[in-house]
Amino acid sequence: MEERGSPDGDPARNLEQGPEGPETPIQVVLRVRPMSAAELRRGEQSVLHCSGTRTLQVSPPGGGPDVAFRFGAVLDGASTQDDVFRACGVRRLGELALRGFSCTVFTFGQTGSGKTYTLTGPPPQGEGVPVPPSLAGIMQRTFTWLLDRVQHLDVPVTLHASYLEIYNEQIRDLLSLGAPRPLPVRWNKTRGFYVEQLRVVEFGSLGALMELLQMGLSRRRSSAHTLNQASSRSHALLTLYISHQTPQQMPPVDTGELPAGGKLCFVDLAGSEKVVATGSRGELMLEANSINRSLLALGHCISLLLDPQRKQSHIPFRDSKLTKLLADSLGGHGVTLMVACVSPSAQCLPETLSTLRYASRAQRVTTRPQAPRPPKAKLPQHLETELLQLQEENLHLRSQLGQMDPKASGLSGARAAWAQRNLYGMLQEFMLENERLRKEKKQLQSSRDLAHGEQRILAQQVRELERRLLSACYLQQPGPGPTPPCPCVMVPPLLCHAPPLLCPRCQLCPLCRAPLAHWACPRRELHLPQVFGSKAPGDWPLSARPPPWAPPCCPSSAKCSRERSRSEWTQTQVLAEMLTKEKVMPSAPPLPAGPVNASPVLRGGAAVPNLARRLEALRDQIGTSLRRGRSQPPPR
Ligand SMILES: Nc1ncnc2c1ncn2[C@@H]1O[C@H](COP(=O)(O)OP(=O)(O)OP(=O)(O)O)[C@@H](O)[C@H]1O
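Fair warning: this is a prediction, and the values are worked out from it, not measured in the lab.

1. Considering the site of the ligand
The immediate surroundings of the ligand are formed by 16 residues, with Thr111, Lys115, Thr116, Ser231 and Ser232 found nearest. Taking lysine 115, its side chain carries an N or O atom lying 2.8 Å from an oxygen atom of the ligand. Notes on the ligand: free accessible area 620 Å², of which the protein chains cover 79%. At the level of secondary structure, the elements contributing two or more residues to the shell around the ligand comprise α5 (115-120) and β16 (228-232). When residues of the shell around the ligand are assigned to their parent elements, the largest contribution, four residues, is made by β16.

In structure tokens, the structure reads:
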């Protein structure tokens with residue numbers, strides 16, 4: 001016969017040595033439930049036999065060698081609830097918790113294997129039908145023992161309880177005043193993993209504690225499936241906090257800080273299940289998947305904890321909420337007892353073997369139980385007096401600080417309120433003003449951008465026209481020879497600048513034969529009034545008006561151009577220079593990137609019409625020049 005398991009290790013006995021005992025293995029007790037009525041009806045066989053108080057023998061149904069497993073204690077189907085309570089040594093764990101240790105009892109096994117029954121007894125058979133005391137589970141028995149025990153202690157003990165469940169990877173407070181809502185798990189150096197905002201309730205009597213238990217049990221999620229009519233669908237953790245402090249020294253529970261001291265935690269794990277066997281569908285199947293996943297994470301952590309090398313490094317406790325909350329019990333400073341529950345039926349054998357292997361591994365995991373440090377020694381009398389004085393001074397200063405603000409401003413209550421209102425009003429006004437300015441700035445920016453864009457396009461067109469104009473000039477340039485006569489003298493002045501406004505004869509410079517705009521004609525002051533009558537020059541059409549950079553009218557322009565010297569044609573030179581250099585005209589300077597609050601509309605606005613005028617003039621010139629080029633034979 002093959003034998004597995006480990007030698008027993010009673011944590012309580014080892015820990016008698018002192019507050020920080022040696023490495024202690026997790027204690028494992030195995031409970032085999034009796035065959036259920038349904039299993040008996042189906043004629044299923046039992047494959048588990050207890051040989052001795054610590055060994056379980058598994059006889060596979062199809063023959064083959066028996067397999068034996070050894071645990072701290074093995075209890076068969078005939079064992080009573082009281083037998084289980086005694087065999088588990090829960091009283092010893094309670095004693096350790098009273099001495100400040102953190103102790104955990106948890107049940108695990110396949111669904112329907114008797115975990116909840118072992119911990120809390122069977123569910124009530126009906127409304128108002130109490131469960132017989134003989135069927136009370138480990139928890140109720142421990143409560144009775146503990147409440148009795150604390151009454152006989154010399155020092156006063158304060159007791160608190162919390163109760164939560166992990167349902168579909170969410171933590172729900174089973175003692176919450178309102179409907180349970182998901183709570184976060186946090187971690188800090190002193191507390192390790194803990195549940196934030198968990199309600200911790202103080203209790204002073206067994207009755208009060210039993211009520212808390214019933215409240216939690218009634219709120220816990222359970223459903224019916226093929227293998228269990230009342231299957232728990234969540235992992236449930238009930239924790240008792242035992243503290244020797246007086247109520248005055250206790251931190252208020254509302255702060256979320258738990259009382260320092262011992263802890264006794266009962267964990268009822270949801271059962272692992274094969275959804276095919278339980279026939280779970282829909283929500284039941286989701287629950288089953290979540291349960292199996294978290295149990296897998298737990299098994300993984302246990303396997304890693306077995307390896308002493310790995311134990312020093314990283315154990316993935318963060319993989320699930322369950323492993324986070326059991327981290328201390330499994331690999332930390334807690335004292336842990338596991339109760340493995342199994343069904344004897346041959347139908348459940350694969351699941352049973354898995355539980356047995358799980359339990360065998362778990363009992364090789366060790367923890368290093370550690371009690372919290374004893375409270376500091378009492379302070380000497382003079383230090384205590386000093387401390388009291390300092391505390392009083394602190395209170396006094398605080399109260400002064402509270403009254404400080406109105407006093408500092410020297411305002412009475414009503415005036416202070418008025419000033420506050422006024423300030424508030426001003427602040428609102430500033431905010432509105434600020435908002436208005438923001439909008440205005442935005443508008444200005446967009447119109448500046450618009451003008452900027454327009455200016456850029458016009459400047460581009462001007463450059464292009466200038467380029468074309470220059471090339472036209474080149475084409476029409478005469479070769480070396482005598483200067484041709486000025487065409488202006490041969491045509492009657494009336495015709496000049498008559499519609500079409502450009503005089504074909506005034507378009508060429510008489511000296512260099514560069515095409516000229518009508519405004520560049522030296523005789524324009526004579527022609528234009530005749531065309532536009534008595535209109536002021538400002539009312540002339542845009543194309544007839546000289547651009548801002550046009551040279552002033554020459555007073556001697558009425559003279560025959562033949563008599564003019566070269567210097568009289570400076571305007572032609574100015575224009576040619578402007579054209580060939582292709583620079584931006586002074587009337588259309590690039591927009592400055594100046595302060596945003598300067599009005600870009602005004603700056604850009606002046607530049608754009610100038611450019612437009614210049615552009616128009618150039619267009620006219622080119623048009624005329626081309627027409628002229630077509631209608632006249634090229635000069636020799
Ligand atoms: N030792 C026992 N003696 C008599 N009946 C038992 C025993 N153990 C379990 N039962 C019965 O077996 C059924 C299943 O038990 P229980 O609900 O405790 O299983 P469970 O392991 O908690 O299942 P689940 O994981 O689905 O919640 C219940 O009807 C319970 O009363």
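Structure's up, so let's keep going.
2. Quick notes on the packing of aromatic side chains
Scanning the model with the defined rule gives four aromatic pairs in all. Seen in terms of ring centroids, phenylalanine 69 and phenylalanine 71 are 6.4 Å apart; in terms of plane orientation they differ by 5°. Their pairing is stacked. This pair shows no difference in class: phenylalanine 69 is buried, exactly as phenylalanine 71 is. On the basis of an interplanar angle of 50° and a centroid distance of 6.5 Å, the ring pair of phenylalanine 106 and phenylalanine 108 is categorised as tilted. Judged by its relative accessible area of 0%, phenylalanine 106 is buried. Of the residues examined, phenylalanine 108 reaches a relative accessible area of 5% and is grouped as buried.

3. Here's the deal with the pairing of strand β19 (residues 335-342)
Counted residue by residue, β19 has eight buried out of eight residues, so it is predominantly covered. The side-chain alternation of β19 yields two buried faces, one formed by Val335, Leu337, Val339 and Cys341 and the other by Thr336, Met338, Ala340 and Val342. Examined bridge by bridge, strand β3 (residues 27-32) and β19 share six bridges and lie parallel to one another. Counted as the bridge partner of valine 28 is methionine 338 from β19. Summarising the sheet, strand β8 (residues 102-109) and β19 pair through seven bridges and their orientation is parallel. By the bridge assignment for β19, cysteine 103 is matched with valine 335.

Criteria and thresholds
- Residues numbered from 1 in each chain as written.
- Predicted model: local features only at pLDDT ≥ 70, side-chain atom pairs only at ≥ 80, totals over all residues.
- Heavy atoms only, no water.
- Near = heavy atom within 4 Å.
- Polar contact = N/O pair within 3.5 Å; in protein donor to acceptor, adjacent residues only side chain to side chain.
- Areas by Shrake-Rupley, 256 points an atom, 1.4 Å probe, with all protein chains shown as cover.
- Helix = DSSP H or I, 4+ residues; strand = E, 2+ residues; numbered from the N terminus.
- Phe/Tyr/Trp six-rings, centres within 6.5 Å; stacked < 30°, edge-to-face > 60°.
- Buried < 20%, exposed > 50% of the residue type's maximum accessible area, 1.4 Å probe, protein only.
- Pairing = 2+ DSSP bridges.

Scope: geometric values only; no functional claims are made or implied.
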